[in-house]
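# Examining the three-dimensional arrangement
Next come the chains, spelled out residue by residue.
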Amino acid sequence: IRRNSEAESLDWDVFQLFSLIGTIAFAASGAIVAMEEDYDILGVIVLGLVTAFGGGVVRNLLIGAPVATLWNESLFLNTALGSIIVMFLLPMKWIHHWKRAEAFFDAIGLAAFAIQGALYAVEANLPINAVMVAAMLTGIGGGMIRDMMAGRKPLVLRDEIYAVWALAAGFAIGMVNVRSTWELLILFGIIVTFRMLSVHYKWKLPRRALRKHRG
Amino acid sequence: IRRNSEAESLDWDVFQLFSLIGTIAFAASGAIVAMEEDYDILGVIVLGLVTAFGGGVVRNLLIGAPVATLWNESLFLNTALGSIIVMFLLPMKWIHHWKRAEAFFDAIGLAAFAIQGALYAVEANLPINAVMVAAMLTGIGGGMIRDMMAGRKPLVLRDEIYAVWALAAGFAIGMVNVRSTWELLILFGIIVTFRMLSVHYKWKLPRRALRKHRG
Amino acid sequence: IRRNSEAESLDWDVFQLFSLIGTIAFAASGAIVAMEEDYDILGVIVLGLVTAFGGGVVRNLLIGAPVATLWNESLFLNTALGSIIVMFLLPMKWIHHWKRAEAFFDAIGLAAFAIQGALYAVEANLPINAVMVAAMLTGIGGGMIRDMMAGRKPLVLRDEIYAVWALAAGFAIGMVNVRSTWELLILFGIIVTFRMLSVHYKWKLPRRALRKHRG
């Protein structure tokens, strides 16, 4: 994404920062799940990286964007790696502290990744449905792959409202044409806020349970 | 796929219809599995879409065809979405009715998708093994990803004969050169029939059970 | 990969042979896991092929190399297929023999695939981190997908040291510039040796178990 006006480069820098925070949060959550599943240090690193970058990779595959550019994002790769190593070494007490703050950082990641995914799809001139799915996949894809690789059912499809906020970001950007720095920042704030509200009040989407009919 | 003779455009329309029926059946089966696993409405939608389109996406990735064209198939995306919503809202009694009819619609989907996948690979000038795998993946890929995302073992690899009929479609198209409208329609009928027979008589492929040797 | 000097074509032939041995070992391990999970013959074939080729496919997707070239490697596809069929038919006693030798052939596969993956990434001019991940993914990716498709947690992320040797191959090729036939052969021998040592002495990477905090 090339930008040339000053306002837009500010925009870019701010979102770089948000994406970095999201990368830290997502990588850390992958590392924690791996430690809970008794993986070794390499498993912890793999699951952390998959959680941080899996959503973007799946999104790029689905919207036809090149995947290999990932390897040039050393800043993000190293940040994720650092976050994972810190989690592996962190004293137990601090991990408890982290867990309390986790939802907040994760919400920042969700918002930043969803916006990034939607902008990506918009630049590729994709229709609105693709923009919304790109936003959702970037926001929740990493967590889904993380859970599948840990032998768990994807949490984001069952728990409090999560994916909807990513979809909403896609809708705002693809349909309502939210594009300027300030609009995007406000959108970012709204998504983080609603995600935190849905955690705090345990908002859930409607569901309908069927009994299983086979093995 | 460009076609110009009238016969072939008939062909195309008929298969569009079959593919639509298959999309409805596959999306519905994904939605039902998601409700059985207690996913929320968004999880139901995600699993339904993955089941309907996952096979085609994996096939395109493996044969090197563009994946992003998916987003222009609004008819299919909206049909799948509608099928999922209907399943979510359908009274319990009707879901039981659906389940009895499910195998039939699913067989239509299997046949339509397998033929579509094989034709796709033939147009890409791929060798016969790739044509057969493309047919199989398009037919069973969505169901496999569905089961993995629901934390289940892929049913199509264990249950009554399923994937073989997709492979057979690939063989007929890639090796025996079944191509004309009427030949394809006959192939379609044969696959649906054999799939229904294998459900009804519980035909199974040979298997060989080994005791597990590790955790 | 084009090579023109005589020494290098020797190199290529030797690694072709190693890769073939690895393909046999990986396909067989996939077949055995599928039989342990009570899959039918087609499930056994699918899981065998996925184990043998899944790592290369994921690697190519991630480094932006074409995936469809897979279909032209008839020699490898047929070898994998043969290996799977043999496993399906092998008398129980011989399967036990195989299991004792399995670790050795698997180590050859790990080394061959890791080196192949790293050379691939180097030819694509990717940075060192991508070279290392490409080596690792080619070495362990198939086994990871195998376990996920069998409803198991990926063994390579928990068991004795495995992935590290693939990473080491990536490091040696990407960073230390190991390239000549003899250097590569020595690297190959070192990786096989260390992998066998880690199986025999049950070397493990450090790990840190956390109690699970959610369902």
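Residues numbered from 1 in each chain as written. Chains lettered and ligands numbered in written order. Predicted model: local features only at pLDDT ≥ 70, side-chain atom pairs only at ≥ 80, totals over all residues. Heavy atoms only, no water.

## As for the interface of chain C and chain B
Quite often, the size of an interface is put as the accessible area lost when its parts meet. In this complex, chain C contributes 32 residues to the contact, which on the side of chain B involves 30 residues. For the pair chain C and chain B, the two sides together bury roughly 2900 Å², of which 65% comes from carbon and sulfur. Broken down residue by residue, the surface that chain C buries against chain B is led by Asp40(C), Leu42(C) and Trp71(C), which jointly contribute 25%. Scanning the region where chain C abuts chain B turns up one salt bridge. Glu37(C) serves as the salt-bridge partner of Lys153(B), at 2.6 Å between the closest nitrogen and oxygen. Taken together, chain C and chain B are joined by nine residue pairs in polar contact (both at pLDDT 80 or more). At the level of elements, helix 1 (6–36), helix 2 (41–63), helix 3 (74–89), helix 4 (92–123) and helix 5 (128–149) of chain C are the ones that each hand at least two residues to the side of chain C that touches chain B. Per-element tally for the side of chain C that touches chain B: the top contributor is helix 2 of chain C, with six residues. When grouped by side-chain class, the residues that make up the side of chain C that touches chain B number 23 nonpolar, three polar and six charged. (Contact = heavy atoms within 4.5 Å. Buried area = accessible area lost by both parts, 1.4 Å probe. Salt bridge = Lys/Arg side-chain N within 4 Å of Asp/Glu carboxyl O. Polar contact = N/O pair within 3.5 Å; in protein donor to acceptor, adjacent residues only side chain to side chain. Helix = DSSP H or I, 4+ residues; strand = E, 2+ residues; numbered from the N terminus. Nonpolar A, V, L, I, M, F, W, Y, C, P; charged D, E, K, R; others polar.)

## Considering the environment of Tyr201(A)
Its location among the elements puts Tyr201(A) in the segment after helix 7 (181–200). On a C-alpha basis, the gap between Tyr201(A) and Glu160(A) in space is 9.0 Å, while along the polypeptide they are 41 residues apart.

## Things to note about the relation of the copies chain A and chain C
Screw-axis analysis of chain A against chain C gives a translation of 0.0 Å along the axis, an RMSD of 0.0 Å, and a rotation angle of 120 degrees. When the rotation and shift are considered jointly, the pair of chain copies conforms to a three-fold rotation axis. Taken as a fraction of all interface residues of chain A, those also at the interface in chain C reach only 6%, which identifies the copy contact as different-surface. (Least-squares fit on C-alpha atoms with pLDDT ≥ 70 in both.)

## Observations regarding the relation of the copies chain C and chain B
Placing chain C over chain B gives an RMSD of 0.0 Å and needs a rotation angle of 120 degrees, together with 0.0 Å of translation along the axis. The two copies present different faces, since only 6% of the interface residues in chain C are matched by interface residues at the equivalent positions in chain B.

## Observations regarding a nonpolar patch on the surface
Residues and elements named next belong to chain A. Taken together, the side chains of Ile 186, Ile 190, Phe 194, Tyr 201 and Trp 203 make up a nonpolar region of the molecular surface, amounting to roughly 500 Å² of accessible area. When you line up the elements, Ile 190 lands in helix 7. Judged by its relative accessible area of 41%, Ile 190 is partly exposed. (Patch = residues over 30% accessible without salt bridge, like charges linked within 9 Å, V, L, I, M, F, W, Y side chains within 5 Å. Areas by Shrake-Rupley, 256 points an atom, 1.4 Å probe, with all protein chains shown as cover. Buried < 20%, exposed > 50% of the residue type's maximum accessible area, 1.4 Å probe, protein only.)

## Some remarks on the packing of aromatic side chains
Each aromatic ring pair is specified by the distance between its two centres and by the angle formed by the two planes. Counted according to the given criterion, the structure contains 21 aromatic pairs over all chains. Residues Phe194(C) and Trp203(C) carry aromatic rings whose centres are separated by 6.4 Å and whose planes lie at 40 degrees to one another, so their mutual orientation is tilted. You can call Phe194(C) partly exposed: its relative accessible area is 34%. Looking at Trp203(C), the relative accessible area reads 33%, which means it is partly exposed. Feature note: the residues Trp165(A), Phe194(A), Tyr201(A) and Trp203(A) constitute an aromatic cluster, connected by ring pairs. The side chain of Arg59(B) reaches across the aromatic face of Tyr120(B), ending 4.3 Å from its centre. (Phe/Tyr/Trp six-rings, centres within 6.5 Å; stacked < 30°, edge-to-face > 60°. Lys NZ or Arg CZ within 6 Å of the ring centre and 35° of its normal.)

## Details of the packing of helix 4 (residues 92–123) of chain A against helix 5 (residues 128–149) of chain A
For any two helices packed against each other, the geometry comes down to the angle between their axes and how far apart the axes lie. All names here are of chain A. As a packed pair, helix 4 and helix 5 sit with axes 7 Å apart at the nearest point and diverge in direction by 145 degrees. The crossing of helix 4 and helix 5 is right-handed. Counted together, Leu 110, Phe 113, Ala 114, Gln 116, Gly 117, Ala 118, Ala 121 and Val 122 of helix 4 and Ala 130, Val 131, Ala 134, Ala 135, Thr 138, Gly 139 and Ile 140 of helix 5 form the full contact between these two elements. Classifying every residue of the contact of helix 4 with helix 5 gives 11 nonpolar, four polar and no charged. (Axes fitted to C-alpha atoms, helices over the stretch in contact; angles between N-to-C directions. Left-handed = near helix turned anticlockwise from the far one by under 90°.)

## Overview of helix 4 of chain A
All names here are of chain A. Helix length check: helix 4, at 32 residues, gives a terminal C-alpha distance of 44 Å against a target of 46 Å (1.5 Å per residue), a fit within 8%. When the local axis directions of helix 4 are compared, the greatest deviation, roughly 50 degrees, occurs at Ala 101. Following helix 4 by one or two positions, Asn 125 has its phi on the positive side, about 60 degrees. (Expected span 1.5 Å × (residues − 1). Bend = angle between axes of the 7 residues up to and from the residue.)

## Regarding the packing of helix 5 of chain C against helix 6 (residues 163–174) of chain C
Residue and element names in this part refer to chain C. Relative orientation of the contacting elements helix 5 and helix 6 amounts to 140 degrees, with a least axis distance of 8 Å. Taken together, helix 5 and helix 6 sit at an angle that is classed as oblique. Crossing of helix 5 over helix 6 shows right-handed handedness. Between helix 5 and helix 6, the contacting residues are Ile 128, Val 131, Met 132, Ala 135, Met 136 and Ile 140 on the first element and Ala 163, Ala 166, Leu 167, Gly 170, Phe 171 and Gly 174 on the second. Taken together, the residues that form the contact of helix 5 with helix 6 break down as 10 nonpolar, two polar and no charged. (Parallel < 35°, antiparallel > 145°, perpendicular 65-115°, else oblique.)

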